Amino acid sequence: MKKTIEQVIFAILFVIGGICQVSCNQKVAKEPVENQVAEKESTCLTAVDDYLINEFGKHYVQGDVCIPCAYVIDKDESNADDILVWGDFWVFNYKLSGDTLKTVSGGAHPGLMHVQKTDDGFKVTGFDAVVDGSGNLESAKKIFGEKFPAYQAVSSDDKKREENRARIVAEYVKENNLSATMYQDEGWPVVNLPHE
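All of the points below concern the structure found in this document. (Residues numbered from 1 in each chain as written. Predicted model: local features only at pLDDT ≥ 70, side-chain atom pairs only at ≥ 80, totals over all residues. Heavy atoms only, no water.)

### Here's the deal with the overall build of the protein chain
Step number 1: Secondary structure summary: the protein chain contains four helices and six strands in total.
Step number 2: Looking at the 196 residues of the protein chain, the share that counts as buried comes to 32%.
Step number 3: The long-range share in the protein chain, meaning contacts at least 24 apart out of those at least 6 apart in sequence, stands at 54%.
Step number 4: With an accessible surface of roughly 12600 Å², the protein chain has 54% of that area assigned to carbon and sulfur atoms. (Helix = DSSP H or I, 4+ residues; strand = E, 2+ residues; numbered from the N terminus. Buried < 20%, exposed > 50% of the residue type's maximum accessible area, 1.4 Å probe, protein only. Contact = heavy atoms within 4.5 Å. Areas by Shrake-Rupley, 256 points an atom, 1.4 Å probe, with all protein chains shown as cover.)

See the structure below:
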């Protein structure tokens, strides 16, 4: 009788273990797909951010940190060799002073990023820039095409752009464990960073 009870308990535990194994396997099977999608998008945009820092940020007066602010208008990921990312791309260099990131330099670089998926991840292979000066409007219309109204809406909405900037700076501060709780442009009031 003792063996029978032990065998029944063992059988029950074996069945429960099997059920847990199946449900865990099902969960594991789902997660990589979701993570791959998130990673793919993040990595594509990370390549854009890296390009903003390394190609544009270095040409400005340097600070303690360089934070890219990419306002993506649209993306076309149908061709892994030439992923298209249209945006109003900004980069800012800051000096950390106590709990405030003080802006020392930065600027806008609207246009179209060409990103390629490689075995090592993603990299920007080219950038079609909206030109400064008299040809600005014409080149913006050419680069953004049917997306031009969306670009115009983003580039002309200072309030929304600053809200996005505050969110991006807050994410950067959190990811890099900085002491900043606000940022400040020269001659402007401080902007408190949003909390999640």
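### A word on helix H4 (residues 158-175)
Since the α-helix turns once every 3.6 residues, residues separated by three or four places project in the same direction.
Step number 1: For H4, with 18 residues, the first-to-last C-alpha span of 25 Å sits near the 26 Å given by 1.5 Å per residue.
Step number 2: Those residues of H4 not exposed but buried are Arg 161, Arg 165, Ala 166, Ile 168, Val 169, Ala 170 and Val 173.
Step number 3: At its buried positions, H4 is contacted by strand S1 (65-76), strand S2 (83-97), strand S3 (100-118), helix H3 (148-156), strand S5 (182-184) and strand S6 (191-192).
Step number 4: Once H4 ends, the next one or two residues include Asn 177, with phi positive near 50°. (Expected span 1.5 Å × (residues − 1).)

### What to know about the state of the cysteines
Step number 1: All chains considered together, the criterion is met by zero disulfides.
Step number 2: Cys 66 takes part in no disulfide bond, and the closest cysteine sulfur, belonging to Cys 69, lies 9.4 Å away.
Step number 3: Residue class for Cys 66 comes out buried when judged on its relative accessible area of 14%. (Disulfide = S-S within 2.5 Å.)

### Considerations on the pairing of S2
Step number 1: Of all the 15 residues making up S2, twelve are buried; the element is thus mostly covered by neighbouring parts of the structure.
Step number 2: Counting the residues in the hairpin turn of S1 and S2 gives six residues.
Step number 3: When S2 meets S3, the two strands line up antiparallel, connected through 15 bridges. Bridging from a neighbouring strand, Leu 84 pairs with His 114 of S3.
Step number 4: Hairpin geometry of S2 and S3 is characterised by an intervening segment of two residues between the two adjacent antiparallel strands and by a positive phi of about 65° at Gly 98. (Pairing = 2+ DSSP bridges.)

### Points about the side chain of Thr 103
Step number 1: Of note, Thr 103 is situated in strand S3.
Step number 2: The exposure class of Thr 103 is buried, given its relative accessible area of 17%.
Step number 3: One polar contact links Thr 103 to Asp 185, side chain to side chain, over a distance of 2.5 Å.
Step number 4: Beyond its immediate stretch of four places on either side in the chain, Thr 103 contacts Phe 92, Asn 93, Tyr 94, Arg 165, Gln 184 and Asp 185. (Polar contact = N/O pair within 3.5 Å; in protein donor to acceptor, adjacent residues only side chain to side chain.)

### Some thoughts on the packing of aromatic side chains
Step number 1: Counted under the stated rule, the structure contains nine aromatic pairs.
Step number 2: Aromatic pair Tyr 51 and Phe 56: ring centres 5.7 Å apart, planes at 85°, arrangement edge-to-face.
Step number 3: You can call Phe 56 buried: its relative accessible area is 13%.
Step number 4: Relative to Tyr 94, the ring of Phe 92 has its centre 6.1 Å away and its plane inclined at 35°; by these criteria the two rings are tilted.
Step number 5: For Phe 92, a relative accessible area of 8% corresponds to the buried category.
Step number 6: Three or more aromatic residues link up through ring pairs in this structure, and these residues are Tyr 51, Phe 56, Phe 89 and Phe 127. (Phe/Tyr/Trp six-rings, centres within 6.5 Å; stacked < 30°, edge-to-face > 60°.)

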